[in-house]
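These are the residues of each chain, in order.
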Amino acid sequence: MEDAVDIMERSAGLLPEEEEAEKQHIQKIIRALQLYRKYAYARVNQSENYLNSLPKTHQNMLSKYRKHLGAIRDCIDANQAVIKKMLRENILSANSKSSTDLITSHDTDSREVKMRHQEHAQSTLKLIARDWSQEGAEERNQSYKPIINAVEEFFKPGEFELNEIKILVPGAGLGRLTYELACRGYECEGNEFSYFMLIASNFVLNQCTEENAYTLYPWVHQYVNNLNKSDQVASIRFPDICPARNPPKGNIMMAAGDFLEVYKVANTYDCVATCFFIDCANNIVEFIETIFKILIPGGIWINLGPLLYHYSDIEGENSIEPTYEDLISIIDNIGFEIIRNDTGIRTKYAQNPKSMLKSEYESVFWICRKPYNTTNFENTSDENRENGLKNVMSEMQYKNHICNQNNSGLTEK
């Protein structure tokens, strides 16, 4: 099957030693996914070994718990089977070593690094549920719908040639927001740094041929705060909509790579849409400056998400953590016109809907415009875009109900 979504690898243009380091990194990600079951089993074995050490009277009372541990193993097996399918035809593994070589090759990573990779592998399963299952619909409506509403307000069908409106979605993750915008006719490009995400998104966007064809158990690694045994082994089916059978009206592509390294050409995009992304920077100011640069004069930046600051307190990583109050001042100083900025947007992220403990952000949501009279940066990508967007609505025209519109707009089944 011909790929519906082009995925550009970030190794293009690298020096030979950089390209080799990149291949080794990909191999480690693939190895982590291939060894998912081994590490997931280790956690089950830990509980089972302790269970076996308890007095017989206690073991007898926990007979149903022992059976539940067997059910957890079955779910892990099912997850590994889906992961195997993801890796079988993945373009990112095409030039890597064979599966046997990857598993048996000498691994110099510390246990801490290996476990961090396994956390990413498990997180990827949860994000498949968030982006591509019916169970994730509530979270998608909370996070994606305000952005989609804003895009459609500023670039209204009938007033624009939508296939000429170029939208960039940095931190695209599993690609659902990118797909949704392309379904509405816009030319949409997703950018993602994580190979865990890229492998999974490629599988959904390019390899899945039927809706709800695959079953995952995304919550099987949650051993606490379960009301019922069935909650831990609850399944989801994906994809709830099949991109191969429902191709978007607009062009869509995914670009692999570091946002700051990939996007350096000024005056390129009509819109940049960031969702749970800008706090993934060591230096968030660099992200904001880059967004300003790559937007055309008159272009729009739409952002929704928290300020988690992923590199904060991580050993060996530098990080700054400006408050929302500081960021609004920084955005203004960089040159953006702030059209709207809201706080308290309630959003969940990859949460188990049946868990006794759920986390919820009070996210921030803003819409900014790069002024029409902005001095052009060097390397403008398209001379025809030098005048920016002439028809983008004014602040007074903007409707204040974007976040409160009904949630019927996502391409759900």
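None of the values given here were measured: they were computed from a predicted structure. (Residues numbered from 1 in each chain as written. Predicted model: local features only at pLDDT ≥ 70, side-chain atom pairs only at ≥ 80, totals over all residues. Heavy atoms only, no water.)

### Things to note about the overall build of the protein
For clarity, the threshold we go by: Working definition: helices are DSSP H or I runs of at least four residues, strands are E runs of at least two. Numbering for both runs from the N terminus. Exposure classes here rest on a 1.4 Å probe applied to the protein chains alone. A residue is buried below 20% of its type maximum, exposed above 50%, and partly exposed in between. What makes two residues a contact is simply this: any of their non-hydrogen atoms within 4.5 Å.
Tallying secondary structure elements over the protein gives 14 helices and ten strands in all. Within the span of the protein, comprising 413 residues, buried residues form 50% of the whole. Put simply, of all contacts in the protein between residues at least 6 apart along the chain, 79% involve residues at least 24 apart.

### Description of the environment of L62
Locating L62 in the fold gives a position in the loop between α3 (56-61) and α4 (63-88). Here the alpha-carbon distance between L62 and L51, two residues eleven residues apart in the chain, equals 8.3 Å. Here L62 is in contact with L51 and L54, once residues within four sequence places are set aside.

### Describing helix α6 (residues 111-132)
The cut-off we apply is this: Residue count minus one, scaled by 1.5 Å, sets the expected span of a helix.
Across its 22 residues, α6 extends 31 Å between first and last C-alpha, which sits within 8% of the 32 Å expected from 1.5 Å per residue. The set of residues buried in α6 consists of H117, Q118, A121, T124, L125, L127, I128, A129, R130, D131 and W132.

### Considerations on the packing of helix α1 (residues 16-34) against α6
Rules: In this analysis, axes come from line fits to C-alpha atoms, helices being fitted only over the stretch in contact, and the angle between any two N-to-C directions falls in the range 0 to 180 degrees. An angle below 35 degrees is treated as roughly parallel, one above 145 as roughly antiparallel, one from 65 to 115 as roughly perpendicular, and anything else as oblique. Note on convention: the crossing is left-handed when the near helix lies turned anticlockwise from the far helix by less than a right angle, right-handed when the turn is clockwise.
Relative to each other, α1 and α6 sit at 70°, their axes nearing to 9 Å. Considering their axes alone, α1 and α6 lie roughly perpendicular with respect to each other. Crossing of α1 against α6: the hand is right-handed. Seen from α1, the contacting residues are K28, I29, A32 and L33; seen from α6, they are H117, Q118 and A121.

### A few points about the packing of aromatic side chains
Heads up, the rule is: Stacked, tilted and edge-to-face are the three classes assigned to paired rings of Phe, Tyr and Trp, where Trp is represented by its six-membered ring and a pair needs centres within 6.5 Å; plane angles under 30 degrees give stacked, over 60 edge-to-face, the rest tilted.
Tallying each qualifying case throughout the model produces 16 aromatic pairs. Ring centres of F259 and F277 lie 5.4 Å apart, and the angle between their planes is 85°; on these two criteria the pair is classed as edge-to-face. With a gap of 18 residues between them, F259 in helix α12 (residues 259-262) and F277 in the loop between β7 (269-275) and α13 (284-294) connect regions that are remote in the sequence. Of the two residues, F259 and F277, neither departs from the other in class, the shared state being buried. Members of the aromatic cluster, each reached through a chain of ring pairs, are F259, Y263, Y269, F277 and F287.

### Digging into the pairing of strand β3 (residues 187-192)
Note on strand geometry: in a regular strand, side chains alternate between the two faces of the sheet. To keep it simple, the criterion reads: Two strands pair under a simple rule: DSSP has to find at least two bridges between them. Classification remark: right-handed applies to a crossover when, strands pointing away from the viewer, the course from the first strand over the helix to the second runs clockwise.
Burial runs high along β3: five of the six residues are buried. Inspection of the sheet shows strand β2 (residues 166-170) paired to β3 by five bridges, in the parallel sense. In the strand pairing of β3, I167 is matched with C188. Viewed along the sheet, the connection from β2 through helix α9 (residues 176-183) into β3 turns out right-handed. Across five bridges, the pairing between β3 and strand β6 (residues 252-256) is parallel. Each residue of the ladder has a partner; that of C188, found in β6, is I252.

Geometric descriptors of this kind do not, in isolation, establish any biological role.
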